[in-house]
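# A closer look at the structure
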Amino acid sequence: MIPVLLILIPLLTGLISFFIKDDKSVKTWSLLSAIVTLLIAFTAVFSCYPAQLSYDAAWLPTLGSRFALMTDGMGKMLCLLTAVSFPLIFAAIFKNNYKQSSGFYGLMLLSQAGLMGVFTAADALVFYFFWELALIPVYFLCSIWGGEKRIAVTFKFFIYTFLGSLLMLVGILFLYFHTNDHSFALKSFYHIHLSGKQENFIFWLFFIAFAIKMPIFPFHTWQPDAYEQSPTATTMVMSGIMVKMGIFAVVRWLLPVFPNASVQFANIIIILSVIGMIYASLIAIRQDDIKRLIAYSSIAHIGLMCAAIFTQNKTGLEGVMIQMFNHGINVLGLWIVADVIEQKLGTRKFSELGGLAQKAPVLAILLVVMSLANIALPLTNAFIGEFLMFNGLFQYNIWIAAAAGISIILAAVYTLNMIQKVLYGNTVAATENAVEISGNIQLVLVILAITVIVLGVYPQPMMELTKDTVNAILVNH
Amino acid sequence: MSKLVYLVPLFPLLGFLINGLGRKSLSKSMISLIGSGVILASFIVSGMLFFDVKANGASVITLFDFIKADGFQIPFAFQVDQLSSIFLLIITGVGFLIHLYSSAYMHDEEPQHYGRYFAYLNLFVFSMLLLVLGANYVIMFIGWEGVGLCSYLLIGFWFKNNDYNYAAKKAFIMNRIGDLGFLLAVFWLLFRLGTVSYGDVFANVSKLSSFDITGITLLLFVGAMGKSAQIPLYTWLPDAMAGPTPVSALIHAATMVTAGIYMIARSNILYTMAPATQTVVAVIGLSTAILAATIALQQNDIKKVLAYSTVSQLGYMFLGLGVGAYTGAVFHVMTHAFFKALLFLGAGSVIHAMHHEQDIRKMGGLKKYLPITHITFLLACLAIAGIPPFSGFFSKDEILTAAFGKNPLYYIIGVGGALMTAFYMFRLYTLTFLGNFRGTHEQEHHLHESPWQMTFPLIILAILSVFGGFLGIPEVFAKDAHSLEHFLSPIFAGSEKITGEHSHPAASQEYIMMGVSTILIAIMIGIAISRYKKYQLNTDENTGLSKVLEHKWYVDELYDAVIVNPLNAIAGFCKNIIEKSGIDGLVNGVGRLVGYGSRQLRLLQSGQVGNYILIMVLAMVVFVLVWFNDNAIMNFLNKIL
Amino acid sequence: MPIQYYIYLCLTLFSIGIIGVLTRRNAIIVFMCVELMLNAVNLLLVAFSKMHHGVALGSSPTTMVGIEGQIFVFFIMVVAAAEVSVGLAIIVMMYRNTHSVDINFLNRLKN
């Protein structure tokens, strides 16, 4: 029952909020909804009754598709991430004003419902349905509330991701016809036997869909544009949670369904990911725009996660699990800072920033903490994940691990560049009259910073949460 | 007693939190009291631990499981043994003195920056304590990166100055390069042994192939190169002098930079089993020692001279590690911590008195204005130069004697470096304290001895620099008088077992070596003093070799040309060419192709009814021909046409 | 008369119709050409019908085989008549709007 609530609450409150005309009340309404969802997500994490954690009802019986939901460790963790992120996002943008805010918040909540569905779906058709439900509101959010070039960018983003979705749909249908019992159920998919050729072909249909979503080099070029042009709240959802859809889907739908192909092509994918990591880090070094820098940094981090998945050893996968959560928390913090800077100072260009540490020391400290998490300094949460993932990569191949390690150095270069150009030095025209960030944003960032440290010092609970998924995935092999 | 070990890092952490959060509300005196007090508390606990270890031996205290993954677990555990307890004393002891010194040195800062300074300093001590206390390589790595972070924050403490920020960034990034090596070594250990705890690793060393050991030790050494500023990663350390002077004393001379030596001493068994790595360590250490010493000969910034001197002395320590004289290296870490901290603090006192003038060409004759600083500085110079019976003599001699046992060439080059050390230190001393004052009148008017918070640490450190050497009196002077070696013997027992007894040169030979080198050093000191005593300020450009040395062999420029600029160029190429024109161009190209195609197809819809009909008719003809393409119709058509 | 002659005649008429529709721009002539094509088909239907019917009569004097063709012709004529009225009405309306019966002016849907 819990997964149904996780989907229904944002869905219904989202639909209702379209009809709330008052600006203030729609903000409060959606914040409340997000908090309720968070509480339910907590019960999911701490629930001791397995029966509560899954749901199964007839949906399209003629097709053999059931409305089946389940939450394993990975699902719980990502639901928790989604549930934690939304209240923080809503709180952080509480003082921002959007035109037609009822629509804005309604679409955000719909997207949340879609995300929850993706992370709990145990039926391919349901999965596909929620996959699209999560994406479509984002297209609207980006094209209505985005920046100057929003139309062109959204168009590209839409075509790109939609192409991926359709490829996946083709793959799903193909698999559906090859199940023994003609069903879309996850379990039936896990027991499909395909010939080698079929498996290889369908594997790529799925992988390209997920690779576009993650995104993996060279399918990434929609992302910096989309992140840059979207309203930052949407970017937070996209970069904090939606990219996890791709990673989640690889773990849930790709590895167990195509065990042979995922071993056979692991090499190519890992090498692509590592190239992407270094490539994105290099580009990040030369960025002059804070949002694009974070976007490229995110591509680099996702590349590492993708590579670690395909090493298919437990250490790497455990790292991916914990890093999915941690990366969400960390980029959320960075995006909030980027949003504050853009809203307050009217520019995102490093060349027009500087000296913010004198004007807003609290912001400076919190940005530094977030940046340190971004470069995976020990005792921040990201270190645990990266340590395990690099460890997995090392077990796979020492040279690839060493090459990927270069990105650790490059990450320090671009992140410190950012800190230096935004915070240090003397104030410039844009930052001359800057003031300290407001209370709600301080609160959000402090919560994030504490999460960063706590999970960095004591990661064990989070690792226990996802252990079952890791074991299940690798047992299937 | 050793159960209380967590208190040692806990105190500085509390100090960090209190000073960090309360930097706006607390008064300056409160901040300095808390900041120094927590370190003093740590020092007291460390002292108790030291005696505990002396009485009861080593112990490992596990606090909680840090990472428990498939196949391995990494506990958050502390190891209190002879090696770590010595480092604890150095860190907290010297650390406390420097905190005390800072409370006066930094007094001109605004309260919130004053609080920030002490918070960073406490955080540094916390990280450094983690580094030496950790019972496995991962906890060590936490401290390892933590001290790098604090060093970054403190070098860039005056963040309005962008040059300082660049120096800070450079330090962090160079350290990161080393850290990658360290991290890879940790992965390698985990991969082969499934553990990184010192006890388990050292007990299972025999399971590693010699290739593994060589690889692991080399990678660990890359980490040490970064942290301890060895060739090729040393250039950050001199630039790190951008930070406040007490920071240079604590981080960039006495403690953090010795982390690499601590790490190798800790892993001495691995290194002893990898002779190839040992040779690399020794050669790189020796080259660094010489290179840095030559550069120090021509530097004019008081802190830069000391910085290069630090790099050079670290080189000696690595030489010691490379030739297997682990005790000697640790001994030198200790004495070096005393006299180099003293030198930096003395320099700080001078800079304080000179109103932030750091160019020694504009000083001179400070002897009569700063008597305490002068005396302590002189003692430190004698110690670092290696004049007996000051502390530097004993530690350096131990390293050089061991190097002689390994390869006489090491010894000869090492002594050459030591002569240069004596020369540049006394050049520095003479230019600063002797001769006439060469600064402005206003500066001269304001010259004054520093307050007691600054002179007290100087005096304590001077005493330690003078007498610290007696902890390690060499065998030839007195049997079994080397109390440090005796104390540390459990740590290095494994290595001793492998290498066997050190081949000591004969007693007479050792006496001759000591005597000759001491006399040479004394001559060098004489030359330096006589040459620079009558120094007059001139601004002529140096030429020839001096110019090259003044420009530090152009290594920074070389790195810029070979690494930084190409990297930037590649990054720019990726961003502008590959990304924009290449990948995104391809993606947009597909889009444009579709757009072009549909624009062309659109022309078919001309709106001319005739065209439509023509197309329709043609299509019908084709359709008929294709669809009814069976023999009956063809025959029929053939027949009728 | 052999059936070929009818076929040749019908082909000729039909082709004239097609060419007329394709080349002429006057709506009325186009319209007449359409009629011409219809009638070519009618003629062919009648001719074939007659041929099949004649062959069938040889075996059975009362047979109705082959008569459907002629029935179709009637249908076509009726439909064509209706079409003429609608078509002419369109042409009249077109003339009212554009003061021309040139079909090349009928390209408003293009943009």
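Residues numbered from 1 in each chain as written. Chains lettered and ligands numbered in written order. Predicted model: local features only at pLDDT ≥ 70, side-chain atom pairs only at ≥ 80, totals over all residues. Heavy atoms only, no water.

To continue, consider helix α14 (residues 314-345) of chain A. Residues and elements named next belong to chain A. Across its 32 residues, α14 extends 46 Å between first and last C-alpha, which sits within 8% of the 46 Å expected from 1.5 Å per residue. Of all the bends in α14, the largest measures some 30° and sits at Gln-323. α14 sits mainly inside the fold: 28 of its 32 residues count as buried. Positive phi appears at Gly-346, one or two residues downstream of α14, with a value of about 75°. (Helix = DSSP H or I, 4+ residues; strand = E, 2+ residues; numbered from the N terminus. Expected span 1.5 Å × (residues − 1). Bend = angle between axes of the 7 residues up to and from the residue. Buried < 20%, exposed > 50% of the residue type's maximum accessible area, 1.4 Å probe, protein only.)

Next up on the list: the packing of helix α5 (residues 137-155) of chain B against helix α8 (residues 210-227) of chain B. Residues and elements named next belong to chain B. With their axes 12 Å apart at the nearest point, α5 and α8 run at an angle of 25° to one another. Classified by the interaxial angle, the pair formed by α5 and α8 is roughly parallel. For the crossing formed where α5 meets α8, the hand is left-handed. Contacts from Tyr-137, Trp-144, Val-147 and Gly-148 in α5 reach Leu-220, Gly-223, Ala-224 and Lys-227 in α8. (Axes fitted to C-alpha atoms, helices over the stretch in contact; angles between N-to-C directions. Parallel < 35°, antiparallel > 145°, perpendicular 65-115°, else oblique. Left-handed = near helix turned anticlockwise from the far one by under 90°. Contact = heavy atoms within 4.5 Å.)

With that out of the way, let us pick up the packing of helix α14 (residues 302-322) of chain B against helix α15 (residues 326-353) of chain B. Residues and elements named next belong to chain B. One can describe the packing of α14 onto α15 by two numbers: an axis separation of 9 Å at closest approach and a directional angle of 175°. For the element pair α14 / α15, the angle class is roughly antiparallel. Contacts between α14 and α15 involve Ile-302, Lys-303, Leu-306, Ala-307, Ser-309, Thr-310, Gln-313, Tyr-316, Met-317, Gly-320 and Leu-321 from the first element and Tyr-326, Ala-329, His-332, Val-333, His-336, Lys-340, Leu-343, Phe-344, Ala-347, Val-350 and Ile-351 from the second. Across the contact of α14 with α15, the residue classes tally to 14 nonpolar, six polar and two charged. (Nonpolar A, V, L, I, M, F, W, Y, C, P; charged D, E, K, R; others polar.)

Residue and element names in this part refer to chain A. Domains assigned within chain A are domain 1 (1-264) and domain 2 (276-477). Placing a centre on the C-alpha atoms of domain 1 and another on those of domain 2 gives a separation of 22 Å. Contacts between domain 1 and domain 2 engage 50 residues on the former and 46 residues on the latter. Note on domain 1 versus domain 2: buried area summed over both sides is about 4,100 Å², and carbon and sulfur give 73% of it. (Domains from an automatic or database assignment. Buried area = accessible area lost by both parts, 1.4 Å probe.)

Our focus in this paragraph is the environment of B:Met354. All names here are of chain B. Locating Met-354 in the fold gives a position in the loop between α15 and α16 (371-385). Take Met-354: its relative accessible area is 0%, and that puts it in the buried class. Separated by 106 residues in the primary sequence, Met-354 and Ile-460 place their C-alpha atoms 23 Å from one another. Apart from the residues lying within four places of it in its own chain, the contact partners of Met-354 are Lys-362, Met-363, Leu-366, Phe-437, Gln-443 and Leu-447.

On to the pairing of strand β1 (residues 54-60) of chain A. In the case of a regular strand, side chains alternate between the two sheet surfaces. Residues and elements named next belong to chain A. Bridge count for β1 against strand β2 (residues 65-70) is six bridges, and the pairing is antiparallel. When the sheet's bridge partners are listed, Ala-58 is paired in β2 with Arg-66. If you look at the hairpin formed by β1 and β2, you'll find four residues sitting between the two strands, and Gly-64 has a positive phi there, around 80°. (Pairing = 2+ DSSP bridges.)

On to the interface of chain A and chain B, then. In this complex, chain A contributes 59 residues to the contact, which on the side of chain B involves 53 residues. When the two sides are added together, the surface that chain A and chain B hide from each other amounts to roughly 4,900 Å², 72% of it contributed by carbon and sulfur. Among the residues of chain A in contact with chain B, A:Arg286, A:Phe387 and A:Phe394 are the three that bury the most area, contributing 13% of the side total. Inspection of the chain A/chain B interface yields one salt bridge. For A:Lys156, the salt bridge is made with B:Asp584, and the minimal N-O distance between the two is 2.5 Å. Summed over the shared surface of chain A and chain B, the number is 13 residue pairs in polar contact (both at pLDDT 80 or more). A per-element tally of the side of chain A that touches chain B places helix α18 (residues 398-423) of chain A first, with 14 residues. Each residue belonging to the side of chain A that touches chain B can be placed in one class, and the counts come to 39 nonpolar, 14 polar and six charged. (Salt bridge = Lys/Arg side-chain N within 4 Å of Asp/Glu carboxyl O. Polar contact = N/O pair within 3.5 Å; in protein donor to acceptor, adjacent residues only side chain to side chain.)

Throughout the structure, instances matching the rule amount to 20 salt bridges over all chains. A:Lys467 serves as the salt-bridge partner of A:Glu464, at 4.0 Å between the closest nitrogen and oxygen. With A:Glu464 and A:Lys467 both in helix α20 (residues 460-475), this residue pair falls three residues apart, about one helical turn. On the basis of relative accessibility, which here comes to 40%, the residue A:Glu464 falls in the partly exposed class. The partner of B:Arg266 in a salt bridge is B:Asp81, and the shortest N-O contact between them spans 2.6 Å. Of this pair, B:Arg266 sits in helix α11 (residues 259-266) while B:Asp81 sits in the loop between β2 (72-80) and α3 (82-105); the two residues are 185 residues apart in sequence, bridging distant segments of the chain.

Turning to helix α21 (residues 483-499) of chain B, a few remarks are in order. A bend of about 75° at B:Pro490 is the largest found in α21(B). What α21(B) keeps buried is the set B:Leu484, B:Phe487, B:Leu488, B:Ile491, B:Phe492 and B:Ser495.

Counting contacts across all two pairs of chains found in contact, the highest total belongs to chains A and B. No part of chain A reaches chain C; the closest C-alpha pair between them is 23 Å apart.

With that out of the way, let us pick up the confidence of the model for chain C. The pLDDT averaged across chain C works out to 87; a share of 95% of its residues lies at or above 70. Model confidence for the complex is summarised by a pTM of 0.87, with the ipTM given as 0.91. (pLDDT = per-residue confidence, 0-100.)

All names here are of chain B. Two strands pair when backbone bridges link them, and strand β1 (residues 59-69) and β2 are joined in this way by nine bridges, in the antiparallel orientation. Within β2, the position partnered with Ser-59 by the bridge is Val-80. Counting the residues that bridge the hairpin from β1 to β2 gives two residues, and of these Gly-71 lies at a positive phi of roughly 85°.

Mapped onto the elements, B:Ser36 comes out in helix α2 (residues 28-56). Sequence-distant contacts of B:Ser36, that is, excluding residues within four places in its chain, are made with B:Phe96, B:His99, B:Leu100 and B:Phe118.

What follows is about the packing of aromatic side chains. Inspection of every chain in the model, using the stated rule, returns 73 aromatic pairs over all chains. Seen in terms of ring centroids, A:Phe207 and A:Phe310 are 5.8 Å apart; in terms of plane orientation they differ by 85°. Their pairing is edge-to-face. In this pair, A:Phe207 is assigned in helix α8 (residues 196-213) and A:Phe310 in helix α13 (residues 290-311), connecting sequence segments 103 residues apart. With a centroid separation of 5.3 Å and 80° between ring planes, the pair formed by B:Phe50 and B:Phe51 is classed as edge-to-face. When its relative accessible area of 55% is taken as the criterion, B:Phe51 is described as exposed. For B:Lys28, the ring lying beneath its charged end belongs to B:Tyr114, and the centroid distance is 5.6 Å. Here the basic side chain of B:Arg427 rests over the ring of B:Tyr532, its NZ or CZ set 5.4 Å away from the ring centre. (Phe/Tyr/Trp six-rings, centres within 6.5 Å; stacked < 30°, edge-to-face > 60°. Lys NZ or Arg CZ within 6 Å of the ring centre and 35° of its normal.)

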